[in-house]
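# Overview (structure and organization)
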Amino acid sequence: IRGTVALVGHPNVGKSTLFNRLIGQRKSIVDDQPGVTRDRIYGLGEWLTQEFWLIDTGGIQLEDQDFASEINAQVEIALEEADVVIMLCDAQDGMTQDDIFIARKLQKSNKPILLAVNKADNEKIRLGIYDFYQLGLGDPMPVSSTHGLGVADLLDEVIKLL
Ligand code: GDP
Ligand code: MG
């Protein structure tokens, strides 16, 4: 096993959906309601014969936590346990204050960070992801976790960093 990859992002960006796609089983709970994943979830991912642990940090949230403490807990776990962090944003919502808040925290570490912009389901939406350059986390990579688009390119980058 090459290392550990953590998914970080505000509720409802699609962390659990991407997690399930990457580990190939429905292990993390996906729901339309933000904040449904209750357990901290680990899974084993594989790409081009390379195995890695994946953490869905959305699983660490507790009931009644406010956004800031929830995100702080996610980022703390990701930075402690992961070798590579994937920050996930939502292409359909566009860049939010929450994204800026999370990106600032991640920038303070020396961990390699990949910026993936989820829900980029079609060409029109993909064209809008360039706003996310402003987060200062490098090139935003478009993915659609429900359709599987862009996931191969993202995994190629993950493997390079592990
Ligand atoms: P989490 O809170 O970050 O774990 O987000 P979830 O994985 O639970 O997903 C939240 C919602 O976004 C669900 O309704 C998903 O079906 C939806 N979703 C996830 N990925 C995509 C995607 O690539 N495209 C679209 N259109 N919806 C998505
Ligand atoms: Mg979740």
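Residue numbers restart at each chain and count upward from 1, following the sequence in its written direction. Each chain takes a letter, starting from A, and each ligand takes a number, starting from 1, following the order in which they are written. Only residues with pLDDT of 70 or above have their local features reported here, since the model is predicted, and side-chain atom pairs are shown and tallied only from 80 upward, although totals for entire chains, interfaces and linings are computed over all residues.

For the chain, the name recorded in an unreviewed UniProt entry is GTPase Der, with Ileibacterium valens as its organism.

## Quick word on the confidence of the model for the chain
Here the chain averages 88 in pLDDT, and 87% of its residues register 70 or above. For this predicted complex, the interface score ipTM comes out at 0.99, alongside a pTM of 0.92. Here pLDDT means the predictor's own confidence in every residue, given as a number from 0 to 100.

## Side note on the packing of helix 2 (residues 67–81) against helix 3 (residues 97–107)
Relative to each other, helix 2 and helix 3 sit at 35°, their axes nearing to 11 Å. Crossing of helix 2 against helix 3: the hand is right-handed. Contacts from Phe67, Ile71 and Val75 in helix 2 reach Asp98, Phe101, Ile102, Lys105 and Leu106 in helix 3. Note on geometry: axes are lines fitted to C-alpha atoms, helical ones only across the stretch in contact, with angles between N-to-C directions running from 0 to 180 degrees. Secondary structure follows DSSP: runs of H or I at least 4 residues long count as helices, runs of E at least 2 residues long count as strands, and numbering of each begins at the N terminus. Put simply, a crossing is left-handed when the front helix is turned counterclockwise from the back one by less than a right angle, and right-handed when it is turned clockwise. Note on contacts: each residue gets a C-beta atom placed from the backbone, and two residues are in contact if those atoms are within 7 Å.

## A word on the sheet that holds strand 4 (residues 84–90)
For two strands to be treated as a pair, DSSP must find no fewer than two bridges joining them. Pairing is mixed across the open sheet formed by six strands, whose spatial order is 2-3-1-4-5-6. Strand pairing shows two members of the sheet lacking a second neighbour, strand 2 (41–47) and strand 6 (141–142), which therefore form its edges. Relative to strand 3 (residues 50–56), strand 1 (residues 4–8) is paired through four bridges, and the arrangement is parallel. Bridge assignment links threonine 4 to a residue of strand 3, and that residue is tryptophan 53. Packed onto the sheet, helix 2 meets strand 1, strand 3 and strand 4 and runs at close to 165° relative to strand 1. Helix-sheet contacts for helix 5 (residues 151–161) involve strand 1, strand 2, strand 3, strand 4, strand 5 (113–118) and strand 6, and the interaxial angle to strand 5 is about 170°.

## Concerning unusual backbone geometry
The phi angle of most residues is negative, glycine excepted, and most peptide bonds adopt the trans form. Although it is not a glycine, asparagine 12 sits at a positive phi angle of roughly 80°. Along the polypeptide, asparagine 12 turns up in the loop between strand 1 and helix 1 (15–23).

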